[in-house]
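Report on the structure
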Amino acid sequence: MSDAVCTEKKVPATTLTAARWLVPLSLMSMYLIWGSTYLGIRYALVSYPPFLMAAIRFAIAGVLMFTVLRVRGVALPTPRQWRNAAIVGTLLLAGGNGLVCFAEQSVSSGIAAVAVASMPLFAAVFGGLYREWPTRGETVGLLLGFIGVVVLNLGAGLSGSPIGAIALICAAMAWAFGSVWSKRQDMPAGPMNTAAQMLCASVSLAILAMLHGERFPAHPQLGATLALGYLIVFGSIIAFSAYLYVLKTVRPALATSYAYVNPPVAVLFGVAIAGEHVGTFDLAGMAIILVGVGIITMMRTRKA
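Residues numbered from 1 in each chain as written. Predicted model: local features only at pLDDT ≥ 70, side-chain atom pairs only at ≥ 80, totals over all residues. Heavy atoms only, no water.

**Quick notes on the overall build of the protein chain**
Looking only at helices and strands, the protein chain features 14 helices and zero strands. Put simply, the protein chain has 304 residues, and 48% of those count as buried. When the accessible surface of the protein chain is split by element, carbon and sulfur atoms take 70% of a total near 15000 Å². (Helix = DSSP H or I, 4+ residues; strand = E, 2+ residues; numbered from the N terminus. Buried < 20%, exposed > 50% of the residue type's maximum accessible area, 1.4 Å probe, protein only. Areas by Shrake-Rupley, 256 points an atom, 1.4 Å probe, with all protein chains shown as cover.)

Set out below in structure tokens:
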């Protein structure tokens, strides 16, 4: 009780009042914006090729965020931190997001979001490389989650596009390995870490776009360009800023709750706005994956 009293004395009333509405507002931003980015990618792909579109998105967002941080006096990353940011950014944003963009050429946005939700399953497996073996409870969640991945691949959304399915699984694996590896590396501090990763990933994505033979569209549609602008401003800057605020304000379990909310939100956006079809296997796979991920997260939160 004495600790609570001390905390109340130290924190101004205006700060507490702001937190009461900023936290739910930030959570809603994460849920709705990140859940809608999968549909935004689909609309941007109407005119922009996948890897080039992702390169443009992260180059502009990275430059804007990096400039603001430098104006505010944030220190530059060290050469070692730039190297680590380049590796992690390539894995997370080029491998993870870039492959999602590639897959959405043949896979619906909702199914792509569900497949990416399997990322924590691979992260738990890659943790074993650093002797962080899953507990019994986490193993149950792993097995259940991978069953969900199998069920999801039996649905019409992925079975009709094997290349898209492989790309999404590789995207989840790249994001998972990058997340696990980065925890043990010297990374830039705070938002500068994200800005550095975006800048480095934009270079990797530009190289992938060149190797894939992609070219900037001569006459991009207005809707596709607006979708790309939405991904830059809302998906890469606003939503991530909201995530950083929530991460330092509330419990980690609540801050990472977007992992469960984004897939159903993405499915709803895809069905309601784009008329995407979701079959029985797709829904069953989503439910099983989310339960498996939920078990793993609860076990880790309890262990922490």
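**A word on helix α10 (residues 191-211)**
Relative to the 30 Å expected for 21 residues at 1.5 Å per residue, α10 spans 30 Å between its end C-alpha atoms, a close match to the ideal helical length. Where α10 ends, the next residue or the one after it, Gly213, has phi of about 75°, a positive value. (Expected span 1.5 Å × (residues − 1).)

**Focus on the confidence of the model for the protein chain**
Per-residue confidence for the protein chain gives a mean pLDDT of 83, with 87% of residues at or over 70. When the elements of the protein chain are averaged for pLDDT, helix α1 (residues 2-10) gives the smallest value, 41, and helix α3 (residues 50-71) the largest, 95. In this model residues 1-9 is a low-confidence stretch, pLDDT under 50, and it forms zero contacts with partners more than four residues away in sequence or in other chains. (pLDDT = per-residue confidence, 0-100. Contact = heavy atoms within 4.5 Å.)

**Quick word on the packing of aromatic side chains**
In total, this model carries seven aromatic pairs according to the counting rule given. Judged by centre distance (5.9 Å) and plane angle (75°), the ring pair of Tyr48 and Phe216 falls under edge-to-face. You can see Tyr48 sitting in the loop between α2 (13-44) and α3 and its partner Phe216 sitting in the loop between α10 and α11 (222-249), a full 168 residues away along the chain. Tyr48 gets classed as buried once you look at its relative accessible area, which sits at 5%. Here the aromatic rings of Phe66 and Trp82 are separated by 6.2 Å at their centres, their planes lie at 45°, and the arrangement is tilted. A residue pair is termed long-range when its members are at least 10 positions apart, and Phe66 in helix α3 and Trp82 in helix α4 (residues 79-103) qualify at 16 residues. Assessed through its relative accessible area of 26%, Trp82 is described here as partly exposed. (Phe/Tyr/Trp six-rings, centres within 6.5 Å; stacked < 30°, edge-to-face > 60°.)

**What about a nonpolar patch on the surface?**
Nonpolar side chains collect at one region of the surface, where Val203, Ile207, Leu208, Met210 and Leu211 lie side by side and expose about 500 Å² of accessible area between them. Taking relative accessible area as the criterion, Met210 reaches 58% and is therefore assigned exposed. (Patch = residues over 30% accessible without salt bridge, like charges linked within 9 Å, V, L, I, M, F, W, Y side chains within 5 Å. Salt bridge = Lys/Arg side-chain N within 4 Å of Asp/Glu carboxyl O.)

**Things to note about the pattern of salt bridges**
In this structure the tally under the stated criterion is one salt bridge. Linking Glu276 and Arg42 is a salt bridge whose minimum nitrogen-to-oxygen distance equals 2.5 Å. Taken as a pair, Glu276 in the loop between α13 (258-274) and α14 (280-303) and Arg42 in helix α2 lie far apart in primary sequence, 234 residues in all. Given the relative accessible area of 31%, Arg42 is considered partly exposed.

**Considerations on the packing of α4 against helix α9 (residues 162-182)**
Viewed as axis vectors pointing N to C, α4 and α9 meet at an angle of 160°, and their least axial separation amounts to 8 Å. Between α4 and α9, the angle is such that the two are roughly antiparallel. As α4 packs across α9, the resulting crossing turns out to be left-handed. The residue makeup of the contact of α4 with α9, split by class, is 18 nonpolar, seven polar and no charged. (Axes fitted to C-alpha atoms, helices over the stretch in contact; angles between N-to-C directions. Parallel < 35°, antiparallel > 145°, perpendicular 65-115°, else oblique. Left-handed = near helix turned anticlockwise from the far one by under 90°. Nonpolar A, V, L, I, M, F, W, Y, C, P; charged D, E, K, R; others polar.)

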